[in-house]
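Spelled out from the first residue to the last, the chains are:
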Amino acid sequence: MIPAKEYIREKYKKKRAVLSDQDKMDLDQKITERTIDWLKTRDFPKKVHLFLPIEKQKEVDTFPLLEWFWENGWDVYSSKISSESLDMETIFLEPNTSFTTSTWGIPFPNDYQEVEVQEFSLIFLPLLAYDRSGYRIGFGKGYYDKFLADIDFDPVKVGLSYFTPEQSLPYESHDIPLDFCITPEKIFTF
């Protein structure tokens, strides 16, 4: 029997919680290096949508990737949640902007432009767990699945994880799988 999503969420929150600060930094560095090496072998149009990590959730640190994208001339987009609709709204991250942490623990840029959804070539998705088919489990709000369902193009969907995939996870018809997941040790293709 496939474990319930909530069980998986708790399992991976605990796995993250026991990572020491040094272990997390080492894993973040390996993921960053593997991701940059992977990007250098691809010919993507230089537009990317990048999640910003919630430190208290011990999400993979994407700030080194953000810096690399800016240094290499990429347009970088992220999202914010609309307080009215609870939908994700696209924002353009100005190069070298600084960030402030919101009350939810989410880094928020001090300088940004709210823009229409751009046709970005890649989207990096946050996750707690993923499986061998590319299905992911996040924190359960469904923001990214709804966001992906509402756009009229198909970017390459990339997860970043400290851990290897589960054999399979429960998923629903509206869940959108990853194309790749990058870990410290390997890149998984789905």
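Here the structure is shown first, and the text comes after it.
What counts, and at which threshold
Every chain begins its residue count from 1, and numbering advances along the sequence as written. Since the coordinates come from a predicted model, pLDDT governs what is reported: local features require at least 70, and pairs of side-chain atoms require 80 or more to be given and counted, while whole-chain, interface and lining totals use all residues. As a rule here, side-chain values come from all non-hydrogen atoms in the structure, and water together with hydrogens is ignored. To define a nonpolar core, start from buried Ala, Val, Leu, Ile, Met, Phe, Trp, Tyr and Cys residues and group those joined through side-chain atoms within 4.5 Å. Note on exposure labels: buried denotes an accessible area under 20% of the residue type's maximum, exposed denotes more than 50%, and partly exposed covers the range between, all computed with a 1.4 Å probe on protein chains only. The contact definition used throughout considers only heavy atoms, calling two residues in contact when any of these lie within 4.5 Å. Numbering of helices and strands runs from the N terminus, with a helix taken as a DSSP run of H or I at least four residues long and a strand as a DSSP run of E at least two residues long. Note on pairing: two strands pair once DSSP finds at least 2 bridges between them. A helix's residues, less one, multiplied by 1.5 Å, set its expected span. Relevant arc is that of directions from the helix axis to the C-beta atoms, nothing else. Convention adopted: a line fitted to C-alpha atoms gives each axis, helices being fitted over their contacting stretch, and angles between N-to-C directions are expressed from 0 to 180 degrees. An angle below 35 degrees is read as roughly parallel, one above 145 as roughly antiparallel, one from 65 to 115 as roughly perpendicular, and any other as oblique. Helix crossings get a hand from a simple test, with the near helix turned counterclockwise from the far one by less than a right angle marking a left-handed crossing and a clockwise turn marking a right-handed one. Side-chain classes follow a simple rule in which Ala, Val, Leu, Ile, Met, Phe, Trp, Tyr, Cys and Pro form the nonpolar group, Asp, Glu, Lys and Arg form the charged group, and the remainder, Gly included, forms the polar group.

Trainee: How do you make sense of the nonpolar core when you look at a structure like this?
Mentor: Ranked by size, the top nonpolar core spans 49 residues in total, and within it Phe69, Trp74, Val76, Leu122 and Phe124 carry the most contacts. Apart from the residues within four sequence positions on either side, Phe124 is in contact with Thr35, Val48, His49, Leu50, Phe51, Phe69, Val158 and Leu160.

Trainee: Sorry if this is basic, but what is going on with the pairing of strand 10 (residues 156-160) here?
Mentor: Two faces belong to every sheet, and in a regular strand the side chains alternate between them. Of all five residues in strand 10, four are buried; the element is thus mostly enclosed. Note: strand 7 (residues 122-125) against strand 10, four bridges, orientation parallel. Paired with Leu122 across the bridge in strand 10 is Val156. Across three bridges, the pairing between strand 10 and strand 11 (residues 180-182) is parallel. Within the sheet, the bridge partner assigned to Val158 lies in strand 11 and is Phe180.

Trainee: Help me out: how do you make sense of the side chain of Ser121 in this one?
Mentor: Looking at where Ser121 falls in the secondary structure, it is placed in the loop between strand 6 (112-114) and strand 7. Taking the relative accessible area as the measure of exposure, Ser121 reaches 14% and is therefore buried. When neighbours within four sequence positions are excluded, Ser121 is seen to be in contact with Phe44, Pro45, Lys47, Trp74, Pro155 and Val156.

Trainee: Just to check I follow, could you spell out helix 2 (residues 21-40) for this structure?
Mentor: Within an α-helix, residues lying three or four positions from one another point in the same direction, as the helix has 3.6 residues per turn. Under the 1.5 Å per step criterion, the end-to-end length of helix 2 is 29 Å for 20 residues, consistent within 8% with the ideal 28 Å. Every buried residue belonging to helix 2 is among Lys24, Leu27, Asp28, Ile31, Thr32, Thr35, Ile36, Trp38 and Leu39, and all of these are buried. Seen along its axis, helix 2 keeps its buried residues to an arc of 165 degrees; they face one direction.

Trainee: Help me understand the packing of helix 2 against helix 3 (residues 63-71), please; the structure alone is not making it clear to me.
Mentor: In a packed pair of helices, the relevant descriptors are the angle between the two axes and the axis-to-axis distance. Between helix 2 and helix 3, whose axes approach to 10 Å, the crossing angle comes to 30 degrees. Here helix 2 is positioned roughly parallel relative to helix 3, judged by the angle of their axes. In the crossing of helix 2 with helix 3, the sense of the turn from one axis to the other is right-handed. In this structure, helix 2 contributes Thr32, Thr35, Ile36, Leu39 and Lys40 to the contact, and helix 3 contributes Pro64, Leu65, Trp68 and Phe69. Each residue belonging to the contact of helix 2 with helix 3 can be placed in one class, and the counts come to six nonpolar, two polar and one charged.

As far as function goes, none of this settles anything; it's purely spatial.
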